[in-house]
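These are the residues of each chain, in order.
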Amino acid sequence: MKAIRIQGVTKRFAGGVTAVDAVDLEVEAGEFMVLVGPSGCGKTTLLRMLAGLETVSDGCILLDGNDITHVHARRRDIAMVFQDYALYPQMTVEANLSFALRMRKLSKEDIRSRVTDVAATLELEPLLDRRPHALSGGQRQRVALGRAIVREPAAFLMDEPLSNLDAKLRGTMRSELARLHARLNVTTVYVTHDQVEAMTLGGRVAVMSEGRVQQCGTPREVYERPANAFVAAFMGSPPMNLVTARIDGDTAVAGPLRVALPRDAAVEETVTLGVRPNALQLASESDPAAFAAVVDVVEELGDERLVGFRVGGESGTDATAKLPSAGEIRIGDRIHLTVVGDVHFFAADTGTALGVAPPVRHAATK
Amino acid sequence: MTPSRTERLATHGVLLLFAALAVAPLVGIVLTALNGTAGPVSGFAWPETLTFDNVSRAWDAANLSSALVSSALVSAGVVALTVTLSVLAGYAFALLDFRGRNVLFGVLLLGFVVPSEAVVIPLYYDVRAYTPFLDGTYALLILAETARFVAFGAFWMRAFFGAIPRSLVDAAMLDGAGPWRTLWRVALPPAKPAIVTLVVIIFLWSWNEFLLPLVLFAATPENVTAPVSLAVLTGRNTTDVTGLAAGSLMIALPVVLLYAFFQRQLIRGVLSGAVKG
């Protein structure tokens, strides 16, 4: 296991499109780093540059201190798991697993022993003589993982490896991946657009947008202290509610909400307020901190429900509260809510985080 | 949705009509080849007497024993060379990044556009001027036909290799395979139907080629290929129609056998080309 250091890496494609823009990132030896972001944010391009499948326009990539920026992909000692698994269709599972070892001219005994070990680890023994078309999605996924593991590489790169699986299998494979990483402890860079995968798998998470890393930290840091409004909205399901507020003295006012400004926050005329859906709670009408909302969407999740409403009247912003499923709430109901979690402040123009205020004590209006 | 009985009948009716249109000329040639009537015959006249004399007469007159060997040698050489070059060129144009790739491919495709009638005479004089040792040899015809067919071959194989998921090639590269091994171990095995189809098409074209062997073997008539050898049955004022038909049947036979042998793969190759290309 080796550390990866990415220094000012930029990728410009012909035509002037900058897919990755001066990214700096350090992945510690044995760490599970997740690159997460929406489609087109540059995460897969960055991963492909790490693999050597894309050239680097600027900057450099170090593996265990050695500059590998211009080292050919087949000499990087990095294994990759592809989104579509990329199993060789004409080869059996065994041949797929041993292909890289045969290319490296390992002895037959070595190859047999490594393939047997990996097949046992991933429970692939009964499938060794099958071809990929005769495997289920989950089995193909395990073969793709096995093909990476059997090489015993310096690092694993994974490009959305679970995205082709159904929801149930994805959950199972996510746990398997986490267990596998805990056992092998190999440096891993994992790309996904699914923030649940990012939160559950990542030792650290790098949130990307428009070719840049917006924030890198532990899943808890990124969730609880987002560096900007983009990270706040992207991480968390459902996303954080963001509303524009005007400054009135030392408070910010957004529709029925009145929130004291955080200390030392440099604010101008308006700010963006962020409240997690689970930071909202049903309250009684008499609660001084409660505000009224008219329900326009109800999504039942079983033990919880997502309740949609609008902040600031008809022309206001859509917001969501994650509430316990007890009781009955219907579209059109008038409910009362209080903010029981942190309120995040972001600059209205740049989206940069300005600070966090404690829960709201008094609503502006009822 | 299951088609109705009327739809099925209509489909079969249309298919039978087209099959009849394709088979009718062949039936005419077979009837003519076996026609024992002396004098001029028409293709669809039912023969009063059946005979195989036309076959033996055409075989001797056109010296088909030698011409068929020539054709086999030339076609085998052309197929081997064209398919090899097409696979390599198709792989490079589809999967390797190199400067000027698109421009080079455009130049290669000019081979589609320029008819052989336009180049055959300059080629004849160029060969006599610059490579006289090739004049009238099998090697010359093989090289000339290969040059003519490789544009299509490269285009055909590029379409197939271009349809291979890019991730497969990337995975092979990360697994330590260079371009040769990636071609040989990863890209080529699934390309078998496309290659078989290319083999049959190029064999057919080479076997039936008339103009190039006619001109390039002008100095060595003993090397002429089968289609050219049939010309002796067509005189200035008379044509041995029944002999010509019998000779044509014998020349067509190897292609028909090749097609029948590879029919399944051929259809798969054509379909994969159609869908993936």
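Treat the numbers as computed from the prediction; the structure is a model and nothing was measured. (Residues numbered from 1 in each chain as written. Chains lettered and ligands numbered in written order. Predicted model: local features only at pLDDT ≥ 70, side-chain atom pairs only at ≥ 80, totals over all residues. Heavy atoms only, no water.)

Trainee: Can you help me understand the overall build of chain B in this one?
Mentor: Counting secondary structure elements, chain B contains 12 helices and 0 strands. When the helices and strands of chain B are read in sequence order from the N terminus, they spell out α-α-α-α-α-α-α-α-α-α-α-α. Its C-alpha atoms put chain B at 70 × 70 × 30 Å along the principal axes. The proportion of buried residues among the 277 residues of chain B is 41%. Look at the contacts in chain B between residues 6 or more apart in sequence, and 73% of them connect residues 24 or more apart. Roughly 15,200 Å² of accessible area belongs to chain B as shown, and the carbon and sulfur atoms make up 70% of that amount. (Helix = DSSP H or I, 4+ residues; strand = E, 2+ residues; numbered from the N terminus. Buried < 20%, exposed > 50% of the residue type's maximum accessible area, 1.4 Å probe, protein only. Contact = heavy atoms within 4.5 Å. Areas by Shrake-Rupley, 256 points an atom, 1.4 Å probe, with all protein chains shown as cover.)

Trainee: Would you mind going over the overall build of chain A with me for this structure?
Mentor: Per the secondary structure count, chain A includes 8 helices and 21 strands. Buried positions account for 49% of the 366 residues belonging to chain A. Sequence separation of 24 or more characterises 65% of the internal contacts of chain A that already satisfy a separation of 6 or more. Split by element, the accessible area of chain A, about 16,600 Å² in all, is 47% carbon and sulfur.

Trainee: Any chance you could explain the sheet that holds strand E20 (residues 343-347) of chain A here in plain terms?
Mentor: Residue and element names in this part refer to chain A. Ordered by their spatial adjacency, 6 strands build an open sheet running E13-E12-E11-E14-E20-E21, and the pairing between neighbours is antiparallel. A strand with exactly one partner marks an edge of an open sheet, and here the two such strands are strand E13 (257-260) and strand E21 (353-357). Averaged over all adjacent pairs, the angle separating strand axes in this sheet is 35 degrees, with direction ignored. With 6 bridges connecting them, strand E11 (residues 241-248) and strand E14 (residues 270-275) associate as antiparallel partners. Opposite Val243, over in E14, you have Leu273 as the bridge partner. (Pairing = 2+ DSSP bridges. Axes fitted to C-alpha atoms, helices over the stretch in contact; angles between N-to-C directions.)

Trainee: Would you mind going over the environment of Ser325 of chain A with me for this structure?
Mentor: Residues and elements named next belong to chain A. Take Ser325: it is sitting in the loop between strand E18 (317-324) and strand E19 (334-339). The partly exposed category is assigned to Ser325, whose relative accessible area is 23%. With 201 residues separating them in the primary sequence, Ser325 and Leu124 have C-alpha atoms 42 Å apart. Contact partners of Ser325, with chain neighbours within four places excluded, come to Glu300, Gly302, Asp303, Glu304 and Arg305. There is a polar contact of 3.3 Å between the side chain of Ser325 and the backbone oxygen of Asp303. (Polar contact = N/O pair within 3.5 Å; in protein donor to acceptor, adjacent residues only side chain to side chain.)

Trainee: Is there a simple way to explain the side chain of Asn35 of chain B in this structure?
Mentor: With respect to the secondary-structure elements, Asn35 of chain B resides in the loop between helix H1 (5-33) and helix H2 (53-61). Residue contacts for Asn35 of chain B: discarding those within four places in its chain leaves Val41, Ala45, Pro47, Glu48, Thr49, Thr51, Asn54 and Thr242 of chain B.

Trainee: Can you walk me through the state of the cysteines in this structure?
Mentor: Two cysteines, two sulfur atoms, one covalent bond between them: this is a disulfide. All names here are of chain A. Applying the stated criterion across every chain yields a total of 0 disulfides over all chains. Considering cysteine sulfurs only, Cys216 is the nearest to Cys41, which forms no disulfide, with 14 Å between them. Free cysteine Cys60: the closest other cysteine sulfur is in Cys216, separated by 17 Å. (Disulfide = S-S within 2.5 Å.)

Trainee: Which parts of the structure should I look at to understand the pattern of salt bridges?
Mentor: For side chains bearing opposite charge, pairing can occur when the charged atoms are close. One pass over the full model with this rule turns up 21 salt bridges over all chains. Ionic pairing is found between Glu304 of chain A and Lys322 of chain A, a salt bridge with its closest N-O pair at 4.0 Å. Note that Glu304 of chain A is positioned in strand E17 (residues 304-311) and Lys322 of chain A in strand E18, a separation of 18 residues in sequence. Judged by its relative accessible area of 29%, Glu304 of chain A is partly exposed. Judged by its relative accessible area of 22%, Lys322 of chain A is partly exposed. Where salt bridges share partners, they join Lys11, Arg48 and Glu54 of chain A together with Arg166 and Asp170 of chain B into one cluster. (Salt bridge = Lys/Arg side-chain N within 4 Å of Asp/Glu carboxyl O.)

Trainee: Quick question: what am I supposed to make of the packing of aromatic side chains here?
Mentor: Think of a pair of aromatic rings as described by two things: how far the centres are apart, and how the planes are tilted against each other in angle. Summed over all chains, the structure comprises 16 aromatic pairs over all chains. Look at Phe230 of chain A and Phe234 of chain A: their rings are 5.7 Å apart centre to centre, the planes differ by 15 degrees, and that puts the pair in the stacked class. Here Phe234 of chain A and Phe230 of chain A lie together in helix H8 (residues 229-234), a separation of 4 residues that amounts to about one turn. With relative accessibility at 27%, the residue Phe230 of chain A sits in the partly exposed group. Where Phe93 of chain B meets Phe98 of chain B, the ring centres are 6.1 Å apart and the plane angle is 45 degrees; that geometry is what we call tilted. (Phe/Tyr/Trp six-rings, centres within 6.5 Å; stacked < 30°, edge-to-face > 60°.)

Trainee: Teacher, can you tell me more about helix H9 (residues 192-208) of chain B here?
Mentor: Along an α-helix, residues three or four apart share an orientation, since each turn contains 3.6 residues. All names here are of chain B. Over its 17 residues, H9 extends 24 Å from the first C-alpha to the last, a length consistent with the 24 Å expected when each residue adds 1.5 Å. Burial analysis of H9 places 12 of its 17 residues in the buried class, which makes it a mostly covered element. Along H9, the residues that are buried comprise Pro193, Ala194, Ile195, Val196, Thr197, Leu198, Val200, Ile201, Ile202, Phe203, Ser206 and Trp207. (Expected span 1.5 Å × (residues − 1).)

Trainee: Any chance you could explain the sheet that holds E17 of chain A here in plain terms?
Mentor: Backbone-to-backbone hydrogen bonds join strands into a sheet, with any given pair of strands oriented parallel or antiparallel. All names here are of chain A. Strand order in the open sheet formed by 5 strands is E15-E19-E16-E17-E18, with antiparallel pairing between adjacent strands. Because the sheet does not close on itself, it has two edges, and the strands there are strand E15 (280-282) and E18. Averaged over all pairs of adjacent strands, the angle between strand axes in this sheet comes to 50 degrees, irrespective of strand direction. Direction of pairing for strand E16 (residues 291-300) relative to E17: antiparallel, over a ladder of 5 bridges. In the sheet register, Val298 faces E17, and the bridge partner there is Val307.

Trainee: Would you take a moment to explain the packing of helix H4 (residues 137-149) of chain A against helix H5 (residues 167-184) of chain A for this structure?
Mentor: When two helices pack together, their arrangement is given by the angle between their axes and by how far apart the axes lie. All names here are of chain A. At a closest axis distance of 11 Å, the pairing of H4 and H5 adopts a crossing angle of 20 degrees. Judged by the angle between their axes, H4 and H5 are roughly parallel. The handedness of the crossing between H4 and H5 comes out as right-handed. For the pair H4 and H5, contact is made by Gly138, Gln141, Arg142, Leu145 and Ile149 and by Leu169, Met173, Glu176, Leu177, Leu180 and Leu184, respectively. Its residues placed into classes, the contact of H4 with H5 shows 7 nonpolar, 2 polar and 2 charged. (Parallel < 35°, antiparallel > 145°, perpendicular 65-115°, else oblique. Left-handed = near helix turned anticlockwise from the far one by under 90°. Nonpolar A, V, L, I, M, F, W, Y, C, P; charged D, E, K, R; others polar.)

Trainee: Is there a simple way to explain the interface of chain A and chain B in this structure?
Mentor: One widely used convention gives an interface's size as the accessible area the parts lose upon coming together. Counting residues at the interface gives 24 residues for chain A, matched by 18 residues for chain B. Between chain A and chain B lies a buried interface of about 1,800 Å² when both sides are counted; carbon and sulfur atoms form 59% of it. Taken as a group, Arg74, Tyr88 and Met103 of chain A account for 31% of the area that chain A buries against chain B, more than any other trio of residues on that side. Here chain A and chain B share 2 salt bridges between them. Across the pair Asp170 of chain B and Arg48 of chain A runs a salt bridge, and its minimum N-O distance is 3.0 Å. Counting across the interface, chain A meets chain B through 8 residue pairs in polar contact (both at pLDDT 80 or more). Of all elements in the fold, only helix H1 (43-51), strand E6 (78-81) and helix H2 (93-103) of chain A reach the threshold of two or more residues within the side of chain A that touches chain B. With 4 residues, the top contributor of residues to the side of chain A that touches chain B is H2 of chain A. (Buried area = accessible area lost by both parts, 1.4 Å probe.)

That is the geometry; function is a separate question.
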